[in-house]
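Chain by chain, the residues:
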Amino acid sequence: SIPGYRSDLTEDEFRAQLASVGIVGTGQTADLAPADGKFYALRDVTATVGSLPLIASSIMSKKIAAGANGIVLDVKVGHGAFMRTEEDALALATLMVDIGRRVGRRVRAVISDMNQPLGRAIGNALELKEALDTLHGRGPADFRDHCLTVASQMLQLTGRDQAETETRAQLVDLLHSRQALAKFRDWIAAQHGDLRSVDDPELLPMARFQRVIPAPRSGYIAGVNAREVGLTSMLLGGGRAKKGDQIDHAVGIALHAKAGDRVTEGQPLLTIHANDEGKLAGARQRLLSAYEWSDGKADPPPLLHQTVG
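Remember, predicted model here, so these are calculated numbers, not experimental data. (Residues numbered from 1 in each chain as written. Predicted model: local features only at pLDDT ≥ 70, side-chain atom pairs only at ≥ 80, totals over all residues. Heavy atoms only, no water.)

Can you walk me through the overall build of the protein chain in this structure?
Counting its regular elements, the protein chain contains 11 helices and 10 strands. Its C-alpha atoms give the protein chain a radius of gyration of 20 Å, within 12% of the compact-globule value 19 Å for 309 residues. Put simply, the protein chain has 309 residues, and 38% of those count as buried. Restricting to contacts in the protein chain with at least 6 residues of sequence separation, those with at least 24 account for 71%. Of the accessible surface of the protein chain, which amounts to about 16200 Å², a share of 53% is contributed by carbon and sulfur atoms. (Helix = DSSP H or I, 4+ residues; strand = E, 2+ residues; numbered from the N terminus. Rg over C-alpha atoms; globule rule 2.2 N^0.38 Å. Buried < 20%, exposed > 50% of the residue type's maximum accessible area, 1.4 Å probe, protein only. Contact = heavy atoms within 4.5 Å. Areas by Shrake-Rupley, 256 points an atom, 1.4 Å probe, with all protein chains shown as cover.)

I'm lost on the sheet that holds strand E1 (residues 70–77) in this one. Help?
Taking strand neighbours across the sheet as the criterion, the three strands line up as E1-E2-E10 in an open arrangement whose pairing is mixed. What marks the edges here is a single partner per strand, and that holds for E1 and strand E10 (304–308). Each strand of the sheet is rotated relative to its neighbour by a mean of 15°, with strand direction disregarded. In the sheet, E1 pairs with strand E2 (residues 106–113) via eight bridges, with the strands oriented parallel. Bridging from a neighbouring strand, Leu73 pairs with Ala109 of E2. Packed on one face of the sheet, helix H6 (residues 141–156) meets E1, E2 and E10 and runs near 150° to E1. (Pairing = 2+ DSSP bridges. Axes fitted to C-alpha atoms, helices over the stretch in contact; angles between N-to-C directions.)

Honestly, the pattern of salt bridges in this entry has me stumped. Any pointers?
Oppositely charged side chains may form a pair once their charged atoms are brought near each other. Inspection of the entire model under this criterion finds 14 salt bridges. The salt bridge involving Arg120 is made with Asp261; its shortest N-O contact spans 3.7 Å. Of this pair, Arg120 sits in the loop between E2 and strand E3 (121–122) while Asp261 sits in the loop between strand E6 (252–255) and strand E7 (262–263), placing them 141 residues apart in sequence. (Salt bridge = Lys/Arg side-chain N within 4 Å of Asp/Glu carboxyl O.)

Help me understand the sheet that holds E6 in this model?
Think of a sheet as strands paired side by side through backbone hydrogen bonds, with each pair either parallel or antiparallel. Spatial ordering of the open sheet is given by E3-E6-E8-E4, a layout of four strands whose pairing is antiparallel. The open sheet terminates on both sides in strands that have one partner only, identified here as E3 and strand E4 (209–214). With two bridges connecting them, E3 and E6 associate as antiparallel partners. Across the sheet, residue Ile122 finds its bridge partner in E6, namely Ile253.

What is the right way to look at the packing of helix H10 (residues 226–238) against helix H11 (residues 277–288) in this model?
Axis angle and axis distance: for two packed helices, these are the angle between their axes and the distance between the axes, and together they describe the pair. Viewed as axis vectors pointing N to C, H10 and H11 meet at an angle of 175°, and their least axial separation amounts to 10 Å. What the angle tells us is that H10 and H11 run roughly antiparallel. Residues Glu228, Val229, Leu231, Thr232, Leu235 and Leu236 of H10 form the contact with H11, whose participating residues are Lys279, Leu280, Ala283, Arg286 and Leu287. (Parallel < 35°, antiparallel > 145°, perpendicular 65-115°, else oblique.)

What's the story with the nonpolar core in this structure? I'm lost.
The nonpolar side chains of a soluble globular protein tend to be buried with one another. Counting 22 residues, the largest nonpolar core has Ile253, Leu269, Leu270 and Ile272 as its most contacted members. Sorting the residues of this core by element identifies strand E5 (219–224), H10, E6, strand E8 (268–274) and H11 as the ones contributing at least two each. Leaving out residues up to four positions away in the same chain, Leu270 has contacts with Arg211, Val212, Ile213, Ile253, Ala254, Leu255, His256, Leu287 and Tyr291. Met60, Ile71, Val75 and Met83 belong to the second-largest nonpolar core, a separate cluster that totals 17 residues. (Core = buried A, V, L, I, M, F, W, Y, C linked by side-chain atoms within 4.5 Å.)

Hey, could you run me through the environment of Val172 in this one?
Among the secondary structure elements, Val172 is positioned in helix H7 (residues 164–176). Overall, the relative accessible area of 19% leaves Val172 in the buried class. Between the C-alpha atom of Val172 and that of Arg144, which follows or precedes it by 28 residues, the distance is 9.7 Å. With sequence-adjacent residues up to four places away left out, Val172 is seen in contact with Arg144 and Leu148.

Explain the packing of aromatic side chains here, please?
For any pair of aromatic rings, geometry is given as the distance between the ring centres together with the angle between the planes. All chains considered together, the criterion is met by three aromatic pairs. Here the aromatic rings of Tyr5 and Trp187 are separated by 6.3 Å at their centres, their planes lie at 85°, and the arrangement is edge-to-face. Of the two residues, Tyr5 is situated in the segment before helix H1 (11–20) and Trp187 in helix H8 (residues 179–190); the sequence distance between them amounts to 182 residues. These aromatic residues form a ring-pair network of at least three members: Tyr5, Phe184 and Trp187. The ring of Tyr220 carries the charged tip of Arg262 above its face, separated from the ring centre by 5.8 Å. (Phe/Tyr/Trp six-rings, centres within 6.5 Å; stacked < 30°, edge-to-face > 60°. Lys NZ or Arg CZ within 6 Å of the ring centre and 35° of its normal.)

As structure tokens, then:
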């Protein structure tokens, strides 16, 4: 979504940026856990995508090979996650924590909910705008809270002798003082991203069609199926159906109401961002079917299920 941003850093570039900026994001390379890249390509054709040992080793091999001595894992559970049940998520989290500890790493895993989408944006540029809103002190409360929870766990692993509430308060101060935003800008600039898109999100990719979909009825929203919403975004062009597909960074969905909210018929429920009117029409019905309704008060799912390690 950000013009110029590079995610194919060399090892020298990775190390230099980590030393100078303190944050770096890059994809797998021929030098970073290359065997995992081959295993990953084979899992589709050997029906082993769901193998817990292969999932755990794939994730942990890159973390360990990159040299991290403190690792926080965000393991999703629910409709929109690979682990559909808490039992499976706990098994995966426990396995990864154990792998890290066996090689002397400090590891924690947060099992977090993905029954409904986190935040209100689904789609590349839309999610980036939401992240920037959050760094400016706005943004959805659930997304902000989730980020603070994971960041608190990261700081706890550094060995700070303080309560998690104190650590969290320090993070909130960094957010409100815009130091977090400044660090984000440093990170993007270091990887050659155009900061104009960061400073003015209106310059990010924008879809030609933005269709507001009204609520079909009044009542409480009991649930929003994250899997259906995610697949719809993919069908709009926001994700890959197969390797090699081009991603449309502008498309996606913005949710105006989520589980636990009460809406009235005709009230804006969601907005579809599309570059193809045919795909937009198909997305509308699929998204409406992703909502569960209740006449009585409904509670949203918990953000955090448990922490392992």
